[in-house]
Structures are given as structure tokens and as C-alpha cells.
Amino acid sequence: MPEKARRKRRTAEEVAHQARADRLQSATGALSTAATAAMDEKLPWFRQLSAQDRSWIGLVAQSGITAFVDWFHDPDAHSSMPTRMFGSAPREFTRVISLHQTVDLVRTTIEMIENTIGDLLPPDDVPIVREAIHRYAREVAFAAATVYAQAAEMRGAWDARLEALVVDSVIRGEADESVRSRASALGWTGSTMGPHASGQTSSQVAVVVGRAPDGDSGNTNVADAVRHAARQHGVDALCAMQGDRLVIVLGGTSKPVEIVQKLADRFGPGPIVVGPVVKDLMSAVTSARAAVAGLRAAPAWPDAPRPVMADELLPERSLSGDGHARRQLAADVYGPLAIGDGVLLDTVSTYLDAGGSIEATAREMFIHPNTVRYRLRRAGEITGYSPTNPRDAFTLRVALALGRLLTPDASSHVL
């Protein structure tokens with residue numbers, strides 16, 4: 001075919017395409033109205049939205065139809081139209097409807113156009129426009145996936161920063177109503193209703209501290225894995241990496257050690273310390289303080305279980321300079337032994353000084369060995385530490401030394 005004839009034919013095709021595009025342009029208003037009506041008829045979730053949310057979605061649908069017409073005019077010049085069509089919606093769009101609902105929206109709109117263009121355009125235009133719609137719909141699907149992926153990435157980054165801020169506030173003892181509100185925004189309830197809860201909810205909170213995992217898994221991946229694992233066991237979890245330290249705030253369990261045993265592989269090597277259970281997030285600083293002090297003191301007890309409760313590390317924490325642990329040992333261990341005539345305190349002290357010998361203690365105190373046994377048993381019952389257990393005996397010895405240092409009249413109970 002001669003060049004002149006080819007140019008003439010190309011010009012005729014361009015003119016025909018332009019005329020077809022103009023006819024499609026004139027049908028834009030009718031298509032937009034029909035799209036809104038189709039969504040209202042076929043999408044139950046659309047009818048349940050607020051008027052403002054419906055207007056946003058209608059705006060996106062109208063923008064999509066207009067973008068399709070512009071793209072149909074010149075696909076090369078408007079190649080970015082499928083992505084730009086979502087720019088007319090507010091940022092909250094991705095929070096209003098899910099990706100699945102967006103797919104339903106696109107599918108409904110495309111079906112509406114296919115069913116309507118036969119009444120709005122000449123028969124010769126219909127096959128060409130329908131083919132263009134299918135090509136365009138594919139691009140819109142990719143654009144929607146991109147929008148939601150970006151929104152999820154931004155939300156994930158923001159949530160990670162917010163979560164780190166909440167955990168840091170708990171560690172520093174600055175938990176207030178704003179921290180509770182931020183935690184709630186992250187999905188924290190602080191309570192759980194387990195399968196054996198009999199309808200009762202719990203709101204206990206405990207802070208767990210250990211070494212951060214090695215490798216290049218990244219803060220977000222570690223936190224996501226911890227939250228997912230905790231959720232599988234029916235508890236809430238807030239997680240943050242602080243340098244080489246991994247901190248987890250558990251909510252909704254009175255037995256945090258059992259939960260942490262199932263999360264232990266999320267930590268790096270070394271001790272994992274669980275702070276005492278407190279009533280809520282506002283009181284979590286008490287648990288956090290004990291857990292952090294316990295992690296610092298844990299190397300002094302190489303054979304400690306993993307995880308270990310912070311209160312099991314009271315003697316090591318006391319030796320490392322933890323004033324709270326010192327006062328706790330003096331008040332909760334030395335204090336009960338010193339009540340009354342101090343006979344239990346004297347017996348425990350003599351027993352420890354005698355190297356754990358009941359007979360030597362009996363001779364030193366001029367009493368029967370069975371009396372020594374009874375008193376040691378009573379001391380174990382009221383303090384929770386049995387003098388005949390080597391580990392407990394170490395704790396008692398430290399507690400007695402601290403009690404004598406911190407209690408003004410301690411000397412009156414020393415043999």
C-alpha cells in the first residue's frame with residue numbers, strides 16, 4: 001500500500017477513534033450515575049456506610065470512569081491514569097473499605113459499564129470499548145493493590161513507632177492516660193478471655209526483658225512475630241527493640257512465665273527475665289523496673305531457669321545495687337522472721353551460720369533438733385524460702401544481712 005494511502009487510512013482510524021472517544025465522553029455522566037446505583041443495589045456493605053463515606057467512594061468511582069475515558073482517548077499519554085484515579089479519595093479511604101471490598105467495587109463498576117454502554121453507544125463502538133475496559137480494569141486492579149500496599153506499609157511503620165513509644169514510656173515509668181490511649185490504638189486491651197476463663201476476664205500485665213535476637217530480621221519483623229505468637233496463646237503483647245534488648249509487655253495473663261516459655265525462641269541467647277504481674281498498664285513500671293534490674297543481675301546466677309521471674313533474682317539484684325530488691329527482701333523476708341520474740345529469725349540465722357546442720361543448731365541454741373526442724377519449716381511457710389534448700393538459703397542469708405542493715409532495731413534479734 002502506498003505511503004499516502006497508509007497515512008490516509010491511519011488518519012481515518014484516528015478520526016473514528018476520536019469520534020468514538022467523544023461519544024464515550026458524553027456518556028460519562030450517565031455511567032457515573034449508573035455506577036452509584038449499581039453499588040447501592042449490589043453491595044450491602046456500601047449501603048451501611050455513612051453518607052460521607054459513600055460520597056468518597058462515589059467520587060473514586062466517578063474519577064475512575066473519567067480516567068478511563070481520558071485513557072481511552074490516548075492510552076500512551078494517560079498511562080498513569082489507573083494509579084492517579086485513587087488520588088481523589090482521602091487518605092482514610094483505605095480505612096473505610098478493605099481491599100476485598102475495593103475489588104467488589106471495581107468489579108461492580110466494570111460490569112455496570114459493560115451492561116450500560118450498549119444503550120449509550122452505537123453498536124459498532126461496543127466491542128471496542130469493552131475490550132478497552134478489560135485492559136483498563138487490569139491496570140486498576142494493580143493500582144488498587146499498590147494503594148493498599150503503600151497504606152499498609154505506612155500504617156505498619158507508624159504503628160511500630162507508636163508501639164516503641166508506648167513500651168519506652170512503660171520502661172521509663174511515664175505511663176499515663178495518653179499511653180493507655182496509644183496502646184488502645186494499637187489494639188491493646190490488656191485483657192483476655194481464654195477457653196477456660198468461665199466468662200471471667202483478666203487484666204494482669206507483666207513486662208519481659210531479654211536479649212534481642214541476632215541476625216537481620218529487623219525490628220518490625222520481630223515485633224510482628226512476637227505479637228502473632230502471643231495472640232495465638234490468647235494474650236495481648238506490645239513489643240519493642242531497645243538497642244540489644246527486646247522488651248515485651250504482656251497483657252491478660254496471670255501466668256506470664258508459661259507464655260514466655262512459648263515465646264523464648266523469639267529472644268536472643270541469654271537470660272529472659274519476667275517482671276511481677278501488676279494490675280494494668282498504668283502500673284507496669286513496677287514490673288518493668290524489676291525485669292530490667294533482673295536482666296542486669298542475671299549473670300550472677302548462671303544456672304537460673306529461662307525464663308526466670310525477677311523476684312527469683314532478688315539476692316542478685318540486691319548485690320547489683322537494686323534498692324527496690326533490697327527493701328523487698330528486708331520487708332518481706334527479714335520482717336516476718338523478726339516479728340514477736342524473733343525466735344524464728346534467731347533459728348534461721350544460727351542454722352545458716354552452722355553450715356546447714358540441724359544438730360549443730362540445736363546444740364548452739366540448747367533446744368531439741370525437732371524444735372529446730374519445726375522452726376525452719378515455719379520460717380519457710382511465712383517467707384516462701386526454705387532454709388534447707390541451698391538456693392533459698394542463699395536468699396535468706398542476703399535478706400538477713402539487708403534486714404540488719406536497714407532495720408534500726410535489728411541487733412536486738414541477733415544472738
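Because the structure is predicted, anything quoted here is derived from the model rather than measured.

### Regarding the overall build of the protein chain
From N to C terminus, the protein chain includes 18 helices and five strands. Scored against the burial criterion, the 415 residues of the protein chain give a buried share of 44%. For the protein chain, the accessible area works out to roughly 21600 Å², and carbon and sulfur atoms hold 52% of it.

### As for the packing of aromatic side chains
For the structure on display, the rule yields one aromatic pair. Consider the rings of Trp45 and Phe46, whose centres lie 6.3 Å apart with planes at 80 degrees: the pair is edge-to-face. No difference in accessibility class separates Trp45 from Phe46, as the two residues are buried.

### As for the packing of helix α16 (residues 358-365) against helix α17 (residues 369-383)
For the pair α16 and α17, interaxial distance at closest approach is 8 Å and the crossing angle is 105 degrees. One way to sum up the angle between α16 and α17 is to call them roughly perpendicular. Within the contact between the two elements, α16 uses Ile358, Glu359, Thr361, Ala362 and Met365 and α17 uses Pro369, Val372, Arg373, Arg375 and Leu376. Partitioning the contact of α16 with α17 into residue classes produces six nonpolar, one polar and three charged.

### Looking at the confidence of the model for the protein chain
Confidence in the prediction of the protein chain, expressed as mean pLDDT, is 81, and 81% of residues score 70 or more. Low pLDDT, under 50, characterises residues 192-202; the predicted model gives this stretch twelve contacts beyond four residues in sequence or across chains.

### Topic: helix α11 (residues 256-263)
Within the sequence span of α11, burial applies to Pro256, Ile259, Val260 and Leu263. Summarising the axial view, the buried residues of α11 lie within an arc of 95 degrees, below the 170-degree limit, and thus occupy one face.

### A word on the nonpolar core
The biggest cluster of nonpolar side chains holds 29 residues, and the ones touching the most others in it are Val207, Val249 and Leu281. Breaking this core down by element, the ones donating at least two residues are α8 (125-171), α9 (177-185), β1 (205-211), β2 (236-242), β3 (245-251) and α12 (284-297). Looking at this core, the element that brings in the most residues is α12, giving six residues.

Analysis parameters
Residues numbered from 1 in each chain as written. Predicted model: local features only at pLDDT ≥ 70, side-chain atom pairs only at ≥ 80, totals over all residues. Heavy atoms only, no water. Helix = DSSP H or I, 4+ residues; strand = E, 2+ residues; numbered from the N terminus. Buried < 20%, exposed > 50% of the residue type's maximum accessible area, 1.4 Å probe, protein only. Areas by Shrake-Rupley, 256 points an atom, 1.4 Å probe, with all protein chains shown as cover. Phe/Tyr/Trp six-rings, centres within 6.5 Å; stacked < 30°, edge-to-face > 60°. Axes fitted to C-alpha atoms, helices over the stretch in contact; angles between N-to-C directions. Parallel < 35°, antiparallel > 145°, perpendicular 65-115°, else oblique. Contact = heavy atoms within 4.5 Å. Nonpolar A, V, L, I, M, F, W, Y, C, P; charged D, E, K, R; others polar. pLDDT = per-residue confidence, 0-100. Arc of directions from axis to C-beta. Core = buried A, V, L, I, M, F, W, Y, C linked by side-chain atoms within 4.5 Å.

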